[in-house]
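For reference, the chains in residue letters:
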Protein chains: 2
Amino acid sequence: MTEKTVGNDNSQLVLSLDEATGQNDDVYVVHYDLSDIDTKKAKDEVERLIQDCTKAGLQSAVRVGPECSLLIILKAPRDLLGNAVHRSRIKDWLYGIIDARPKGSYDTVVDGETETENLRSMFHLVTWKKELGGAGIMPGYRQWKQVRSVFPVHNRARNRALLSKFSRQATLNRSDLDEIRAVYGEKVAFYFCFLQSYIIALVFPSISGILAYFFLHRVSLLYAISTVIWCVVFLEYWRMEEISLSLRWNVQGVGSLKVNRREYVYEKEIQDPITGEKQQYFPKRKQVARQLISIPFALAALAVLGTVTTGVFGIEVFISHIYDGKYKAWLEYMPTVILALCLPYIRDFLEGLATQLTEYENWRTQDRHEMSQTQKVFILTFITSYLPVLLSAFVYIPFGDGIINWARVYFSSSPGWEKLLAPDIHVDTSRLQSEVIALTVTEQISGFGEELILPLIKLRAQTWYSNWRGTNRGFNYSRSTGAYESAAEVKLLRQVRDESQREPYSVHEDIQQMVTQFGYLALFSPVWPLVPIGFLINNWVELRSDLLKISIDHQRPDPVRTDGIGAWIDSLNFLTWLGSIVTAAIVHLFHDTEKLNDPKTWWTLPITIFMAEHVYLGTKYLVRLALEQLGSAELRQKKLHEYAHRKTVFKEYINDDTAGTVGTHANIEKIKQESSKLAEKPPERLRDIDAMIEYLKGDSASKS
Amino acid sequence: MTEKTVGNDNSQLVLSLDEATGQNDDVYVVHYDLSDIDTKKAKDEVERLIQDCTKAGLQSAVRVGPECSLLIILKAPRDLLGNAVHRSRIKDWLYGIIDARPKGSYDTVVDGETETENLRSMFHLVTWKKELGGAGIMPGYRQWKQVRSVFPVHNRARNRALLSKFSRQATLNRSDLDEIRAVYGEKVAFYFCFLQSYIIALVFPSISGILAYFFLHRVSLLYAISTVIWCVVFLEYWRMEEISLSLRWNVQGVGSLKVNRREYVYEKEIQDPITGEKQQYFPKRKQVARQLISIPFALAALAVLGTVTTGVFGIEVFISHIYDGKYKAWLEYMPTVILALCLPYIRDFLEGLATQLTEYENWRTQDRHEMSQTQKVFILTFITSYLPVLLSAFVYIPFGDGIINWARVYFSSSPGWEKLLAPDIHVDTSRLQSEVIALTVTEQISGFGEELILPLIKLRAQTWYSNWRGTNRGFNYSRSTGAYESAAEVKLLRQVRDESQREPYSVHEDIQQMVTQFGYLALFSPVWPLVPIGFLINNWVELRSDLLKISIDHQRPDPVRTDGIGAWIDSLNFLTWLGSIVTAAIVHLFHDTEKLNDPKTWWTLPITIFMAEHVYLGTKYLVRLALEQLGSAELRQKKLHEYAHRKTVFKEYINDDTAGTVGTHANIEKIKQESSKLAEKPPERLRDIDAMIEYLKGDSASKS
């Protein structure tokens, strides 16, 4: 690829990135797939796409992509982008996201504060509807069915710098998080903030877990309570942290100014009586009603997944404890195989259903849409992740012997079964612990593999592949046809071709993984108190490997803004609440497994649960009270800044005489002088008052 | 008093109220007590007081008050007051209470929107520190020990109009509440809003209560659950209503701009780095630490009041169930007498302690101070009001027989006691119901008496008394000394003299009464489901009689602003939560009193409580979710107004070319033209793209 072919260029756009600054915050790439479309139609569509972009003021260049696809590289002229950034800030101010009115006229050109601020305006120019000044290109939507993806280009130099910096640091501080925000935008940055806070918070249960493991009873009440309290404190702290960061990054309430989703259906347009603007209106009541369908959905999911899980569980118990016929050794693996085969299909099906349901709920913005989807996904995750352990703890161990005996009696009376019965095997009370260990450890290890080892192998493979590919057909187009390919653009094109084949990054999957992990901790950690230290180590690596994953395995995410991790905080709260109940029940039942069949253990169970839940509720109330008292530094600062800003405007009152066009003026000094003139007839006036006092005092004296 | 004496006036102030408009929003009265001070000192002090007022620009007139006291009537010149109102609005804007910057210069004079807005500025002119432009007169504080009260004058015509209007209306609507706000200020108006919402809400439990009484079992689970859900829905609704009203009245967050309490002690003054202003600083951590003392206080109060109540309860049971000696008939009344004698003293003592504690907590503003005091008073009220019923329900009825038997056995073995033992009397299981009926009914009836009958009698008596008094010494001063008293001021002076002898109105006492009532409903209504209908009728009258009480029995309250009913909402939430537990327990135990001694009843009790509490928690979560979804109309309006306001400023961007002093300008049209010029080399460019597509398509076709 060192060879330079000089031929016909299809644009005057200079396709190069500034190596020193890695400047690429004005470039977006449209990946156009040619494989399912006939040549004539493809030509028309590409032409129209370029026209749309041109109308939005964007420059474009078309290049050959990987496989049978085109890469349309879009670039905004500096002034257009700078003005878009300025207008975006004005919009922020209009919606009350920032308090200070941006200076300048409507045509002012400014530089984005960060790389992502420019890139976000570029994102808007490419994807917003034409009415809003964009080119209206959305992958897969309506006329752009052939558009596989629309993505910004990675800043590889900066990615590398970030990675090598963080791999040498024990923790990330605020300015490190600011840097992640500057590269990947607020939505991704909030995930890393959450992860960092979580890692630091994990130090406490790690230490208490190690102490509990070595010095306390196997399933310790003390450790369980300390974990519940820790969960509450951590979540309340994170709630404050979220507000704090969203103020620091000027994104609080940013959801309200977002543009409508393409798929949003409104019933009518109404003119707002106050702002005088047209508003697309979809009745709230209707939306709430549609949301309520989630309840039967959740119940159905619980029923389906619950039945499958319980069924498999039952078969497993049957084979291992009762059956002793042919192929027992083989059959024992059957349930696991069934589960492994069925579950992904069922889950995919249910997730598809959830997506359709969310679509039907018709949210105005992408944020709310994702939030609703998040909640549904959480329900599915919850059932698949925790139900097996819950079954072991609350059905298999306490009631297993009874059920098995009942089954033995039943089968032993059926003809043909007597010989197949296994010798009387008791319930395995250690199953709970081994299950928790297996789930948490295997999950972390497979996580390591998936997110650290696999990407590294992929990286090597890709480098090799792209080298090999460099000499293949697609790349050879320019050579074979003599099309123009400048020396400067070789490097960029190689990168764009590579990234066009990657998957887009979904931060929700990573958050979901953390939420599931938090759930294991909140629900089951007393069973094996070494869980938190494992998570701590895993997450320290996870944070870095996730960054690596984004930069070498995914397209650069669109720099979307949010003001937190969204609906996941509700999921975390739910898990903490449930954790207070589940851990209490586990401690109560398994603290002393000898007493498991004692009726007293069972009738005191509700009392233990009641108390544990009130430890949870009480802690939550107190922590919230205390944190609200102490307040968030950022929140105070924002208020003060607002005040200071108004104070400067306030000075105009004093200096500006022309402002007094309203009402009459008062000369306060003159008024005061007049008032004192009224009062300053001291001789008569004071004599009169003195007379009154004397009269009253004399009178009261004579009375007493 | 029709006689007119023309003599020496001690001011040129015209002491008259405009009868037509009842205009008195620029008048404040200082009631100065002469009885405990010697004549010389009194003269000096009064002189200094008048000087201070004059310095603040106020006009003053001194008149003889009732008994041995002076009335110093203060009046603000119209321009001074109008400017104070304007400056107060500017302050609101500075602190972000209102969004639109008030127009005009710093010296602009405006009219208050309502009577109270003027009166509030008057209040500030009289009571604020001299540094803030006030006269610094606070009753009883430091040098003003002799000042008994500082109060505004009632607008009697308007009071009468309000009363006669409301007595003919079934419910108060928003504009009625606006009127109460205009006369008495936001703090008082919020109480009436709460009461009105509560009355309307009471219709539901009244009807369900009547139905339950006639058609359901005596202590019905269905009714109990419906009441818990009703409590939650009502409180969540009120929470929204509070926000709604505080936006309507422009008072949201008004706590932050309030001036420091006189008693506030700061550790140091620090200069704020952002606003550059001096801030009085008292460490938050210290304050939180001091607040924590409330916990031992609450425990001590519980111990003391609990011991007294339980002791009295025990003696009562002992005498009525065990003792059968001499004076039994007399002794039976003893406990009630003891309680009636002791309780007020103990409560006063504890309230005094609470006040000192709140003082020690050193709150910056009066609002926070009152809030903290409110919480402590609630604890005391809670113990004294509900503990006896709780004791009956959960100790006396279930365990009474056992305890009594044990006591019988104990005493029958003691010599000298055998003969004094009563025949074996069983626990009176109907005691709970009769106690609830007695408490709720007597409380309402005594409320009627105290708040409706008594004020009416007082009104008649006062009219007679003031007529008689009109011919007495104090009023005769002018006649006896020949001091000036103009015909116009006779009526005002009579009113001022009357009002100076009244108590100031404390809205907290009225709210507390309602909270206590709500508590009976939330905790015990399943015992006797007619409780709510009684409350409904009582409260309908209560609302009107409270208005009457303020106007004929109290001084006009200072027009203070708040953004809700303060910490009482926490008390109400606490009662609702506790109610879910207590009603569940009551229903569980007394649904079928036959089964009270069945162990099964007792071991299933925690399960019932657990479930009831989760009905509470679940309802609360869902209602909050739903209400947040639907949102408050006022909140949306505020946001839209803010947006509309900014939108008008936004127009300046487009019209104003001079504003563009920042950054460079972009000519978007020109940029777009240039971009299309780049693109518009159609022949070559499109040919090149077509070639690419053909190359790729042909290639992929040959491959397949």
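Here the residue numbering is sequential within each chain, running from 1 through the sequence in written order. Chain A is the first chain written and ligand 1 is the first ligand written, with later ones labelled in order. In keeping with the model being predicted, local features are shown solely for residues with a pLDDT of at least 70 and side-chain atom pairs are shown and tallied solely at 80 or more, while totals for entire chains, interfaces and linings include all residues. To get the side-chain values, take all heavy atoms of the structure and skip hydrogens and water.

A short note on the sheet that holds strand S3 (residues 69-75) of chain B
Residues and elements named next belong to chain B. So the rule is basically this: One requirement defines pairing of two strands: DSSP has to find at least two bridges between them. Helix numbering and strand numbering both begin at the N terminus, where a helix is a DSSP run of H or I of at least 4 residues and a strand a DSSP run of E of at least 2. Every angle, taken between N-to-C directions, lies between 0 and 180 degrees, and every axis is a line fitted to C-alpha atoms, over only the stretch in contact when it is a helix. Residues count as neighbours in contact if any of their non-hydrogen atoms are within 4.5 Å of one another.
Within the open sheet, the four strands sit side by side as S2-S3-S1-S5. Their pairing is antiparallel. At either end of the open sheet lies a strand with only one pairing partner, and these are strand S2 (59-64) and strand S5 (147-152). Geometrically, the sheet is characterised by an average inter-axis angle of 20° between neighbouring strands, direction not taken into account. As defined by bridge partners, strand S1 (residues 27-33) adjoins S3 across seven bridges and the pair is classed as antiparallel. Each bridged residue has a counterpart across the sheet, and for Tyr32 the counterpart in S3 is Leu70. The sheet strands contacting helix H1 (residues 39-55) are S1, S2, S3 and S5, and the helix crosses S1 at an angle near 165°. Helix-sheet contacts for helix H3 (residues 115-127) involve S1, S3 and S5, and the interaxial angle to S1 is about 40°.

Topic: the UniProt feature "domain: Anoctamin alpha-beta plait" (unreviewed entry) in chain A
How we decide: UniProt positions are given in the numbering used here, feature names are shortened, and annotations may be inferred rather than shown by experiment.
Feature annotation in UniProt places "domain: Anoctamin alpha-beta plait" (unreviewed entry) on residues 28-147 of chain A, given in this structure's numbering. For the annotated span residues 28-147 of chain A, helix accounts for 39% and strand for 18% of the residues, and the straight-line distance between the end C-alpha atoms is 13 Å.

Overview of the packing of aromatic side chains
Rule in force here: The rule is short: rings of Phe, Tyr and Trp, with Trp giving its six-membered ring, pair when the centres are within 6.5 Å, and they are stacked under 30 degrees, edge-to-face over 60, tilted in between. The classification of residues rests on relative accessible area computed with a 1.4 Å probe and restricted to protein chains. Under 20% of the type maximum is buried, over 50% is exposed, and intermediate values are partly exposed.
The final tally for this structure, using the stated rule, is 46 aromatic pairs over all chains. Taking the centre distance of 5.7 Å and the plane angle of 5° together, the rings of Trp230(B) and Phe234(B) count as stacked. Here Trp230(B) pairs with Phe234(B), and both are found in helix H7 (residues 221-248), just four residues apart, close to one helical turn. The same class applies to Trp230(B) and to Phe234(B), which are both buried. By way of ring pairs, the aromatic residues Phe378(A), Phe382(A), Tyr386(A), Tyr520(A), Phe524(A), Phe574(A) and Trp577(A) are connected into one cluster.

Focus on the nonpolar core
One recurring pattern in soluble globular proteins: nonpolar side chains tend to sit buried together. Filter applied, for reference: Put simply, buried Ala, Val, Leu, Ile, Met, Phe, Trp, Tyr and Cys residues joined by side-chain atoms within 4.5 Å make one nonpolar core.
Ranked by internal contacts, the top residues of the largest apolar core, which has 99 residues, are Phe192(B), Tyr198(B), Trp230(B), Phe518(B), Phe524(B), Ile586(B) and Phe590(B). With 15 residues, helix H12 (residues 366-413) of chain B is the largest single contributor of residues to this core. Once you skip the residues sitting within four places of it in the chain, Phe192(B) turns out to touch Leu177(B), Ile180(B), Leu543(B), Asp546(B), Leu547(B) and Ile550(B). Ile180(A), Trp249(A), Val389(A) and Val515(A) belong to the second-largest nonpolar core, a separate cluster that totals 97 residues.

Considering unusual backbone geometry
At Asn362(A), a residue that is not glycine, the phi angle is positive and equals roughly 60°. If you trace the backbone, Asn362(A) turns up in the loop between helix H11 (334-361) and helix H12 (366-413). For Asn362(A), a relative accessible area of 3% corresponds to the buried category. A positive phi is found at Asn250(B), a non-glycine position, where the angle reads about 55°. With respect to the helices and strands, Asn250(B) occurs in the loop between H7 and strand S6 (268-271). When its relative accessible area of 39% is taken as the criterion, Asn250(B) is described as partly exposed.

A short note on the pairing of strand S7 (residues 278-281) of chain B
Residues and elements named next belong to chain B. Sheet topology places S6 next to S7; four bridges connect them, and they run antiparallel. Bridge pairing links Gln271 to Lys278 in S7. Between the antiparallel neighbours S6 and S7 lie six residues, among them Gly276 with a positive phi of about 75°.

Some words on the pairing of strand S2 (residues 59-64) of chain A
Residues and elements named next belong to chain A. S2 sits mainly inside the fold: six of its six residues count as buried. Alignment of S2 against strand S3 (residues 69-75), held across six bridges, turns out to be antiparallel. Considered in S3, the bridge of Val62 is made with Ile72. Turn length for the S2-S3 hairpin, with the two strands adjacent in sequence and antiparallel, is four residues, and the turn residue Glu67 shows positive phi of about 50°.

With respect to the domain arrangement of chain A
All names here are of chain A. Just so we agree on the cut-off: Bear in mind that the domain bounds are from an automatic or database domain assignment. Take the accessible area each of two parts loses on contact, using a 1.4 Å probe, and add the two losses: that sum is the buried area. Salt bridge, as used here, is a side-chain nitrogen of Lys or Arg placed within 4 Å of a carboxyl oxygen of Asp or Glu. Here a polar contact means two N or O atoms within 3.5 Å. Within protein one must be a hydrogen donor candidate and the other an acceptor candidate, and residues neighboring in sequence count only if both atoms are side-chain atoms. Charged means Asp, Glu, Lys or Arg here, nonpolar means Ala, Val, Leu, Ile, Met, Phe, Trp, Tyr, Cys or Pro, and polar covers whatever is left, Gly included.
Assigned domains of chain A: these are domain 1 (9-153), domain 2 (186-631) and domain 3 (634-659 + 667-699). With six residues of domain 2 at the contact, the number on the domain 3 side is four residues. Of the roughly 420 Å² buried at the junction of domain 2 and domain 3 (both faces included), carbon and sulfur atoms supply 58%. If you look at where domain 2 meets domain 3, you find zero salt bridges. Here domain 2 and domain 3 share zero residue pairs in polar contact (both at pLDDT 80 or more) between them. Counting residues per element, the side of domain 2 that touches domain 3 draws most heavily on helix H7 (residues 221-248), at four residues. Class assignment of the residues belonging to the side of domain 2 that touches domain 3 gives a composition of three nonpolar, two polar and one charged.

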